[in-house]
Amino acid sequence: SVATASLTAVLADFVSHVTYGAPGFIQAGALAAITHEHSEVAAMRDAYQERRDRFIVAIDKVPGLSAHKPAAGIFCMVDVRDTGFNGADFADQLLEQQMVSVLPGSAFAPELDGFVRVALTVPPEQLEEAAQRMGQLVRDRASLRDAAL
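Let us look at the structure shown here. This one's a predicted model, so the numbers in the text were calculated from it and none came from an experiment.

### A closer look at the nonpolar core
For step 1, the next point in the chain: Judged by nonpolar contacts, the single largest core of 26 residues is most densely connected at Phe 55, Ile 59, Leu 65, Val 78, Phe 90, Val 116 and Met 134.
For step 2, the next point in the chain: Counting residues per element, this core draws most heavily on helix 5 (residues 124-148), at six residues.
For step 3, the next point in the chain: Leaving out residues up to four positions away in the same chain, Val 78 has contacts with Phe 55, Ile 59, Leu 65, Ser 66, Ala 67, Gly 114, Phe 115, Val 116, Val 118 and Met 134.

### Overview of the sheet that holds strand 1 (residues 66-67)
For step 1, the next point in the chain: Pairing is antiparallel in the open sheet, where four strands are placed in the order 1-2-4-3. Here the strands that pair on one side only, and so sit at the sheet edges, are strand 1 and strand 3 (103-104).
For step 2, the next point in the chain: Note that strand 2 (residues 75-79) and strand 4 (residues 115-119) share five bridges and pair antiparallel. Bridge pairing links Phe 75 to Ala 119 in strand 4.
For step 3, the next point in the chain: Across the sheet, helix 3 (residues 39-59) touches strand 1, strand 2 and strand 4, and the angle it forms with strand 2 is around 10°.

### A look at the environment of Ser 66
For step 1, the next point in the chain: Mapped onto the fold, Ser 66 is located in strand 1.
For step 2, the next point in the chain: You can call Ser 66 partly exposed: its relative accessible area is 35%.
For step 3, the next point in the chain: Separated by 65 residues in sequence, Ser 66 and Ala 131 place their C-alpha atoms 11 Å apart.
For step 4, the next point in the chain: With sequence-adjacent residues up to four places away left out, Ser 66 is seen in contact with Ile 59, Met 77, Val 78 and Asp 79.

### Re the pairing of strand 2
For step 1, the next point in the chain: Burial analysis of strand 2 places four of its five residues in the buried class, the great majority of the element.
For step 2, the next point in the chain: Bridge count between strand 1 and strand 2: two bridges; the pairing is antiparallel. Residue pairing in the sheet places Ser 66 in a bridge with Asp 79 of strand 2.

Criteria and cut-off values
- Residues numbered from 1 in each chain as written.
- Predicted model: local features only at pLDDT ≥ 70, side-chain atom pairs only at ≥ 80, totals over all residues.
- Heavy atoms only, no water.
- Core = buried A, V, L, I, M, F, W, Y, C linked by side-chain atoms within 4.5 Å.
- Buried < 20%, exposed > 50% of the residue type's maximum accessible area, 1.4 Å probe, protein only.
- Helix = DSSP H or I, 4+ residues; strand = E, 2+ residues; numbered from the N terminus.
- Contact = heavy atoms within 4.5 Å.
- Pairing = 2+ DSSP bridges.
- Axes fitted to C-alpha atoms, helices over the stretch in contact; angles between N-to-C directions.

Dropping the structure here:
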């Protein structure tokens with residue numbers, strides 16, 4: 001250790017408390033959250049389902065893109081492999097050309113290289129607009145490819 005023995009003991013105690021278990025009050029809060037129905041939770045769940053559903057409908061209109069419909073959560077994975085892009089290039093070009101930010105799937109695993117992750121954290125209208133911009137990027141790439149032939 002590069003620290004003094006007394007500091008190392010304090011840090012070891014601290015690390016054991018923050019990495020090996022949640023404090024009792026956190027556990028009690030988690031238990032209350034999952035065992036009691038709260039109207040706020042239902043409203044939030046419904047909002048995310050609407051966002052997911054509207055985004056997937058919009059993505060399904062874009063040739064070359066397909067979305068995995070998550071059962072729950074705030075993210076949606078979009079398969080971009082049929083566009084000729086990998087996930088990182090798609091994400092870079094989408095941000096540069098269409099001002100839409102997504103995360104390449106390769107940030108999570110090499111097997112997800114042909115995917116991008118979309119956060120469903122904005123209103124449904126913005127997600128539909130994002131899907132339209134993703135479609136524009138795909139069309140622009142196809143036009144460039146066709147012009148080169």
